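Examination of the molecular architecture
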Amino acid sequence: MLDRRQSARDKVIYGGVAEIGDDGATRDCVVRNISDQGAKIEFSTAVKLHKEQMSVAIARKGRSFLARVVWWRDNFVGVAFSSESELPVSDLDERLRRSEQKKRQLQRRIKKLIGED
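Below is a short write-up of the structure. (Residues numbered from 1 in each chain as written. Predicted model: local features only at pLDDT ≥ 70, side-chain atom pairs only at ≥ 80, totals over all residues. Heavy atoms only, no water.)

Considering the overall build of the chain
Put simply, the rule reads: Secondary structure counts use DSSP, requiring at least four H or I residues in a row for a helix and at least two E residues in a row for a strand, with both numbered from the N terminus. The classification of residues rests on relative accessible area computed with a 1.4 Å probe and restricted to protein chains. Under 20% of the type maximum is buried, over 50% is exposed, and intermediate values are partly exposed. Using the Shrake-Rupley algorithm and a 1.4 Å probe, accessible areas are obtained, with residue cover drawn only from the displayed protein chains.
Summing up its helical and strand segments, the chain has one helix and seven strands in all. Listing every helix and strand of the chain by position from the N terminus yields β-β-β-β-β-β-β-α. Buried residues in the chain amount to 27% of all 117 residues. As presented, the chain carries roughly 8,800 Å² of accessible surface, and 48% of it is formed by carbon and sulfur atoms.

This is the structure we're talking about:
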């Protein structure tokens, strides 16, 4: 098979989150290889893409990219991105973790106050 990539990709196993729908729907994914120009992404199940672009956040790299879908088969997707497509890093994940922690604390306090402890 002819490899048309401009640069070699590093084999990695990075967790990520991809926005795959026009409605902002996201799915967890695993980045299997990556370079400055693109990546191979694996989803846990087959994915149906409804658009030609997606954003991909890679927590381990602390970066988010706007990616163009080059190919996809079942649960694997090949994407291309460029340096100018890098999106600003969001603190949404950290805020969500703190919110979930606060929710659990409040639930424990409510149970204590109503005597379900």
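Some words on unusual backbone geometry
Of note, the phi angle at Asp74 is positive, near 55°, even though the residue is not glycine. Within the secondary structure layout, Asp74 lies in the loop between strand E5 (63–73) and strand E6 (76–80).

A look at the pattern of salt bridges
Selection criterion: Counted as salt bridges are all cases of a side-chain nitrogen of Lys or Arg within 4 Å of a carboxyl oxygen of Asp or Glu.
Under the counting rule described, the total for this entry stands at one salt bridge. The partner of Arg32 in a salt bridge is Glu42, and the shortest N-O contact between them spans 2.6 Å. With Arg32 in strand E2 (residues 26–34) and Glu42 in strand E3 (residues 38–42), this pair connects stretches of sequence that are ten residues apart. Since its relative accessible area comes to 18%, Glu42 is described here as buried.

What to know about the pairing of E6
Defined as follows: Here, any two strands with at least 2 DSSP bridges between them count as paired.
Pairing analysis gives five bridges linking E3 to E6, with the strands arranged antiparallel. Bridge assignment links Glu42 to a residue of E6, and that residue is Phe76. Relative to E6, E5 runs antiparallel, the two sharing five bridges. Bridging from a neighbouring strand, Trp72 pairs with Val77 of E6. Where E5 hands over to E6, the hairpin turn is made up of two residues, of which Asp74 adopts a positive phi near 55°.

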